[in-house]
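Results of the structural survey
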Amino acid sequence: MIRRAEVSEKKLDCALAGLEANGTDTSAVDAKIAEFSSKMGTAREKLRQAKELFDSEDEAKTEEGKKLVREAKDLVQEAHRMLEDIRKDVRELGGKPCEGQQELVIEEEEQK
């Protein structure tokens, strides 16, 4: 789910770049994308922390890891709802998400 959200974010960034090039004010959408990105970053960090806790033999740490996974899941769900609003806003501004190379860009970033 996180990967799909990242791909969608790249597509929306591309669409916003096109709108900005045409002189459209995208500041309201930019703020929403920043909040979306923040939620996704926090979710990724919680998942990273959970993975470290799961590597432990300690039952208390495993339970803390499960809690972090639930929190990350909630954040991703909130971000997904925000993404739907952002898509709607972009369409209202006359843009549409770009198709194409966004998945490749994410794969390249992950490999670095």
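The preceding data block contains the structure.
Notes on the structure in this doc start here. (Residues numbered from 1 in each chain as written. Predicted model: local features only at pLDDT ≥ 70, side-chain atom pairs only at ≥ 80, totals over all residues. Heavy atoms only, no water.)

Thoughts on a negative patch on the surface
Where like charges cluster on the molecular surface, the negative patch consists of Asp-13, Glu-20, Asp-25 and Asp-30. The topology assignment puts Asp-30 in helix α2 (residues 27–54). (Patch = residues over 30% accessible without salt bridge, like charges linked within 9 Å, V, L, I, M, F, W, Y side chains within 5 Å. Areas by Shrake-Rupley, 256 points an atom, 1.4 Å probe, with all protein chains shown as cover. Salt bridge = Lys/Arg side-chain N within 4 Å of Asp/Glu carboxyl O. Lys, Arg positive; Asp, Glu negative; His and termini not counted. Charge placed at Lys NZ, Arg CZ, Asp CG, Glu CD. Helix = DSSP H or I, 4+ residues; strand = E, 2+ residues; numbered from the N terminus.)

Things to note about the environment of Phe-54
Among the structural elements, Phe-54 can be located in helix α2. The spacing of Phe-54 and Gly-65 is eleven residues in sequence and 6.1 Å in space, taken between C-alpha atoms. Ignoring any residue separated from it by four or fewer positions in sequence, one finds Phe-54 in contact with Thr-62, Gly-65, Lys-66 and Val-69. (Contact = heavy atoms within 4.5 Å.)

Things to note about α2
If you check α2, its first and last C-alpha atoms are 41 Å apart, about what 28 residues at 1.5 Å a residue would give, namely 40 Å. On its buried face, α2 is in contact with α1 (2–21) and α3 (59–92). (Expected span 1.5 Å × (residues − 1).)

Remarks on the packing of α2 against α3
Across the interface, α2 lies against α3 with an axial gap of 8 Å and an inter-helix angle of 160°. With respect to α3, the axis of α2 lies roughly antiparallel. In this structure, α2 meets α3 at a crossing whose hand is left-handed. Split into classes, the residues belonging to the contact of α2 with α3 amount to 19 nonpolar, four polar and ten charged. (Axes fitted to C-alpha atoms, helices over the stretch in contact; angles between N-to-C directions. Parallel < 35°, antiparallel > 145°, perpendicular 65-115°, else oblique. Left-handed = near helix turned anticlockwise from the far one by under 90°. Nonpolar A, V, L, I, M, F, W, Y, C, P; charged D, E, K, R; others polar.)

Topic: the pattern of salt bridges
Where charged atoms from two side chains of opposite charge come close, those side chains can pair. Enumeration over the complete set of coordinates arrives at ten salt bridges. A salt bridge links Arg-48 to Glu-45, with the nearest nitrogen and oxygen atoms 2.3 Å apart. In this pair, Arg-48 and Glu-45 are both assigned in helix α2, three residues apart and thus about one turn of the helix distant. Note on Arg-48: relative accessible area 39%, which makes it partly exposed. Across the salt bridge formed by Glu-52 and Arg-48, the nearest N and O atoms sit 2.3 Å from each other. With a gap of four residues between them, Glu-52 and Arg-48 both fall in helix α2, about one helical turn apart. The class for Glu-52 is partly exposed, based on a relative accessible area of 49%. Through salt bridges with shared partners, a single network forms among Glu-45, Arg-48 and Glu-52. (Buried < 20%, exposed > 50% of the residue type's maximum accessible area, 1.4 Å probe, protein only.)

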